[in-house]
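Architecture at a glance
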Amino acid sequence: MSNYQVTAIPALKDNYFWCLHQDNNALLIDPGDATPCIEMLKKNQLTLNAVWITHHHQDHIGGITDLAQQYKRPVYGPNDDRISGIDHYLKQGDSVSWQSHQFSVVHCPGHTNSHVIFWNPTQRHLFCGDILFSAGCGRVMEGEAADLFHSLQWIASLPQDTKIFCAHEYTEANLGFALHLEPDNHALQQRRHQVKELRAKFQATIPTYLELELATNPFLRSHLPGIRQKLDEMAGHHHIADALKKFQLNTEDEYYFAVMRLWKNIYV
Ligand code: ZN
Ligand code: FE
C-alpha cells in the first residue's frame, strides 16, 4: 500500500493542525482555524476529503464551519454537543478510513470527557490531540486525573516505534519540569539539547516517538521510585493537597500521577 505524507500546519499560538495527504487527496485533523488550512491545501493543490476532530476545544474545532462551507466534506468527531458541524459521530472501537488507510478510534478521557484519538496500527501513527505532549500531557480540564492516567497508559502500551503527532508545541517548557523531576536522566538532557537547537531554528519538535517519550516524559514515568520520592515531598503543598481531595483516586499509580499533574499546573 502506498503511503501518505503528514504535514504540520503550525497555527494559532502553538498548535499543530495535521494534514495527511496522498496524491491530491487530503485529510485534516483538528483544524482550529480554516485560513492556514485553506492556504496549505491550495498551495499544494490538494482536495480535502474529510475533517477529523479529537475534542471540543476551540483551538481544535475553530476551522470546521469555514472548511465545511468551502469544501462540503464530512466532519468526523465525538458526539459532544459542544462541537457543532459533526456529520459522523465517533466512539470507542470505531474504525475510520481515509484513502484505504484504516484508523482505530480510541476514547481517551482525561483532558476532556469525550476526547478521542486516532491510531493507525499499520503505519504506527498516533494522532493524540491534547492527551500526550512531548515530555508532558494535557491538563485535566474535566473529569478525573485517573482517566488521563489510563488514557496515557493505553498510549504507553503501543509499539515503541509509534510516531506521535501531538497538537501543541509545548516541548521546551515541558522539559523544564521533567528535568526538575529527573535532573540526572541522560535521555532528558539529550532531548533538551536537541529541542533547544530545533527551537532556535523555529523548527518543530513534533512528531515524537513513543520510545523517546517512555524515556523522557515524566507522565509516563510516575511509577519510578526516584520520581515518587519527589512527588511525596510535594503532595502536602496546600494547592496540591486541596485539589487531590476533589479527585477519585483508587490506586497508588493513579495517586502519584495525579500529584504530578497537579504539581505541573503550579510549576513555573
Ligand atoms: Zn484541548
Ligand atoms: Fe489544544
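Scope of this entry: the structure provided in the associated data block. Bear in mind that the values here come from a model prediction, so they are computed numbers and not experimental data.

Here is what the cut-offs are and how they apply
Residues numbered from 1 in each chain as written. Chains lettered and ligands numbered in written order. Predicted model: local features only at pLDDT ≥ 70, side-chain atom pairs only at ≥ 80, totals over all residues. Heavy atoms only, no water. Helix = DSSP H or I, 4+ residues; strand = E, 2+ residues; numbered from the N terminus. Buried < 20%, exposed > 50% of the residue type's maximum accessible area, 1.4 Å probe, protein only. Contact = heavy atoms within 4.5 Å. Donors = N, O, S within 2.8 Å, 3.2 Å for Na, K, Ca; no water. Tetrahedral: all angles 85-135°; square planar, octahedral: opposite > 155°, others 65-115°. Axes fitted to C-alpha atoms, helices over the stretch in contact; angles between N-to-C directions. Parallel < 35°, antiparallel > 145°, perpendicular 65-115°, else oblique. Nonpolar A, V, L, I, M, F, W, Y, C, P; charged D, E, K, R; others polar. Pairing = 2+ DSSP bridges. Expected span 1.5 Å × (residues − 1).

Looking at unusual backbone geometry
Geometrically, the link from Ile206 to Pro207 is a cis peptide bond, its omega value of 5 degrees lying close to zero. Mapping Pro207 onto the fold places it in the loop between helix H6 (186-200) and strand E14 (208-209). You will see that Asp30, though not glycine, has its phi angle at about 60 degrees, which is positive. Positionally, Asp30 belongs in the loop between strand E3 (25-29) and helix H1 (34-43). Look at Asp30 and you get buried, because its relative accessible area is 3%.

A word on the environment of Val106
Here Val106 shows up in strand E8 (residues 101-107). Judged by relative accessible area, which is 7%, Val106 ranks as buried. In the structure, Val106 is positioned 42 residues away from Ile64 in sequence and 21 Å away in space, judged by C-alpha atoms. The contacts of Val106, once residues within four sequence positions are left out, are Gln92, His115, Val116, Ile117 and Trp154.

Looking at the environment of Ala68
Secondary-structure assignment places Ala68 in helix H3 (residues 64-71). Distance from Ala68 to Leu48, taken between C-alpha atoms, is 9.9 Å for residues 20 residues apart in sequence.

A short note on the coordination of the iron ion (ligand 2)
Here the iron ion (ligand 2) is held by the protein donor atoms Asp59 (OD), His60 (NE2), Asp130 (OD) and His168 (NE2), which lie 2.1 to 2.3 Å from it. Bound by 4 donor atoms, the iron ion (ligand 2) shows angles of 81 to 168 degrees at the metal and therefore irregular coordination geometry. Donor residues for the iron ion (ligand 2), ordered by position in the chain, follow D-H-x69-D-x37-H. Here His168 falls in the buried class, since its relative accessible area comes to 3%.

A few points about the packing of helix H4 (residues 145-156) against helix H10 (residues 252-266)
Contact pair H4 / H10: the axes reach a minimum separation of 9 Å and the direction vectors enclose 105 degrees. In terms of orientation, H4 lies roughly perpendicular with respect to H10. For the pair H4 and H10, the contacting residues are Ala145, Ala146, Leu148, Phe149, His150 and Leu152 in the first and Asp253, Glu254, Phe257, Ala258 and Arg261 in the second. Class assignment of the residues belonging to the contact of H4 with H10 gives a composition of 7 nonpolar, 1 polar and 3 charged.

A look at the sheet that holds strand E9 (residues 116-120)
Ordered in space as E7-E8-E9-E10-E13-E14, the 6 strands form an open sheet in which the pairing is mixed. Because the sheet does not close on itself, it has two edges, and the strands there are strand E7 (95-98) and E14. Sheet analysis places strand E13 (residues 163-165) next to E14, joined by 2 bridges and oriented antiparallel. By the bridge assignment for E14, Lys163 is matched with Tyr209. Taken strand by strand, H4 contacts E8, E9, strand E10 (125-127) and E13, and its axis lies near 5 degrees from that of E9.

Regarding H10
Helix length check: H10 (15 residues) gives 22 Å between terminal C-alpha atoms against 21 Å at 1.5 Å per residue, within 8%. For H10, the set of buried residues is Glu254, Tyr256, Phe257, Ala258, Val259, Met260, Arg261, Leu262, Trp263 and Lys264. On its buried face, H10 is in contact with strand E12 (136-137), H4, helix H5 (171-181), helix H8 (225-234) and helix H9 (238-245).

Some thoughts on the sheet that holds strand E2 (residues 15-22)
On the basis of which strands lie adjacent, the open sheet formed by 6 strands has the order E1-E2-E3-E4-E5-E6 and mixed pairing. The open sheet is flanked by strand E1 (5-11) and strand E6 (88-90), the only strands paired with a single partner. Neighbour-to-neighbour, the strand axes of the sheet open up by a mean angle of 25 degrees, direction not taken into account.

Considering the coordination of the zinc ion (ligand 1)
For the zinc ion (ligand 1), every protein donor is listed as His55 (NE2), His57 (ND1), His111 (NE2) and Asp130 (OD), and the spread of their distances is 2.2 to 2.3 Å. Each of the 4 donor atoms bound to the zinc ion (ligand 1) contributes to angles spanning 87 to 170 degrees, and the resulting shape is irregular. Taken in sequence order, the residues that donate to the zinc ion (ligand 1) follow the motif H-x1-H-x53-H-x18-D.

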